[in-house]
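Examination of the molecular architecture
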Amino acid sequence: MKRRELLQTLACAPALAVPHLAAAVTPRTLTAAPATLAAAGQASLPVWAYDGQVPGPVLRYKRGAVLDLTLHNQLPDPSTIHWHGIRLPNAMDGVPGLTQAPVAPGERFPYRFALPDAGTYWYHPHWGTPEQVERGLAGALIVEDDVPPPVDLDLVWLLDDWRLDANGRIAENFYNFHDVAHAGRLGQRVTVNGKVDLVQALQSGQRIRLRLINAANARIFALSLEGLDAWLIARDGIPAATAVPWEGELLLGPGMRTDFIIDASKPGRHVLKDSYGRGERALATLEVSGKASGARPAPQPAQREPLPEPDLARALEQRMLLGGGAMSRDGWPQESTAEREARRQRQIQGAREASPVWTINGQAHMSHDREHAAHASEFRVPRGGSVRLTFENNTAWWHPMHLHGHHFRVLSRNGAALPERPWRDTVLMAPRDRVEVAFVAENPGYWLIHCHVLEHHAGGLGTMFEVQG
Ligand SMILES: [Cu+2]
């Protein structure tokens, strides 16, 4: 059976029927609950955690395996799990009020779907997302290559930042107006796997794979590593055509992933740095012991499995104009006086709710983490149809735009064609950028397109489209 047919079979079959995949299924439970643990440089920090860990456990599967996981919600709030970057049936996408009911406190929800693509992915809630992700609910989902590039160590580093208050606790000012209207919630404490100043010991001569995941609410990491030979081999899970030497700063927006191969050829301490915004921060250190070893040939990325190729000649063309935010040229979303007052009262009473600040094609899509059914689809496309989508960022801010359930090719940026047409599930847009992407609408259902700065999404910067089955 061809892969495309397989996916179509999966898409129209009930979630439990996956007869064509022989890989073993090992059911497991993942519990989301409050916990107090050492994280973000604090000896005991109250967090929300998956299985008592921050970040959550690394979930590892073979390509083609079936993920069979039951979320047990022991949080005081409803929750769901979204599987970022995975091409899956719509009912498994974890969007409350759109693909499933929110999982109430004390309740369980089974997620069961095949993993079609190898790569570095991640999971996080999609209900009350700015708060739940900031409190610690995020983890890596690794789907192993059929034939991985040979390495001595395969490391997964989940990058995050934390805003702590004067008492060293997670600051409670979620959804505050300034964060929503500007760059989102940035924290003063930057961590790798929940730790400040993580040190990884290596032996000289080792070759490692380093998988980086940006799980921060809003921080764009500007990553650099000096002193070691390093190559970029995958973005957003998808292998690059060839390994690209890592030089200078690599921008990794919220939701985005990047995989590197790094050779521990020189002894000493080599620091992974972030130079986003003002100043420079050490994220983690690779500490190489032993004698210097010689340079090795560049690695080969894993073989890329074919993804459904968009048919540009017949594609549905859509434009998405991103507007609003602080310093907007064209004004802010319109609200009636009554709506504004009702929302202000709810906020005063403690509702976790943003104000409408951002728009797509003139509409602020509010309550997007809770009440999707109240929104209209931005466009509809028959299953198997191609879509050519142009994002125009008419704002003064950066936005990592994420498409649920699909990979897309990036065709051009600001009128300049990208010859390789790289595959992504999240594309980072600078202020005033114009980016064209294209994809095949594979699976029936309602899919989100939104900014992965979580406060921007909460403030209206998201929409959805329908794939008609
Ligand atoms: Cu944004």
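Residues numbered from 1 in each chain as written. Predicted model: local features only at pLDDT ≥ 70, side-chain atom pairs only at ≥ 80, totals over all residues.

**What about the sheet that holds strand β3 (residues 59-62)?**
Working definition: the strands of a sheet are paired by backbone hydrogen bonds and lie parallel or antiparallel to each other. Spelled out, the test is: Should DSSP find at least two bridges between two strands, the strands are regarded as paired. Runs of E in the DSSP output that reach at least two residues are strands. Runs of H or I that reach at least four are helices, and both are numbered from the N terminus. Helix axes are fitted to C-alpha atoms over the stretch in contact, other axes to C-alpha atoms as well, and angles between N-to-C directions run from 0 to 180 degrees.
In space, the four strands of this open sheet follow the order β3-β8-β7-β5, with mixed pairing throughout. Only two strands of the sheet have a single neighbouring strand rather than two, namely β3 and β5 (82-84). Strand-to-strand twist in this sheet, taken as the mean axis angle between neighbours without regard to direction, amounts to 25°.

**Thoughts on the domain arrangement of the protein**
Just so we agree on the cut-off: Where each domain begins and ends is defined by an automated method or by a domain database. C-beta atoms are placed from the backbone for every residue, and two residues are taken to be in contact when these atoms lie within 7 Å. Gly counts as polar in this scheme, as do all residues outside two lists: the nonpolar Ala, Val, Leu, Ile, Met, Phe, Trp, Tyr, Cys and Pro, and the charged Asp, Glu, Lys and Arg.
Split into domains, the protein comes out as domain 1 (3-144), domain 2 (153-289) and domain 3 (312-468). For domain 1 versus domain 2, the separation of C-alpha centres amounts to 22 Å. Facing the 24 residues of domain 1 at the interface are 26 residues of domain 2. At the level of elements, β2 (42-50), β7 (119-124), α2 (129-134) and β8 (139-144) are the ones that each hand at least two residues to the side of domain 1 that touches domain 2. A total of five residues in the side of domain 1 that touches domain 2 trace back to one element, the largest contributor, which is β7. Class assignment for the residues of the side of domain 1 that touches domain 2 results in 13 nonpolar, seven polar and four charged.

**Here's the deal with the pairing of strand β30 (residues 445-451)**
Test applied: Counting other C-beta atoms within 10 Å of a residue's C-beta gives its exposure: the residue is buried at 20 or more, exposed at 12 or fewer, and partly exposed in between, where C-beta atoms are placed from the backbone.
Counting buried residues in β30 gives seven out of seven residues, a clear majority hidden from the surface. As judged from the three bridges shared by strand β24 (residues 399-403) and β30, these two strands associate in the antiparallel manner. Bridged to Met401 within β30 is Cys451. Sheet analysis places β30 next to strand β31 (residues 462-468), joined by six bridges and oriented antiparallel. Within β31, the position partnered with Leu448 by the bridge is Met464.

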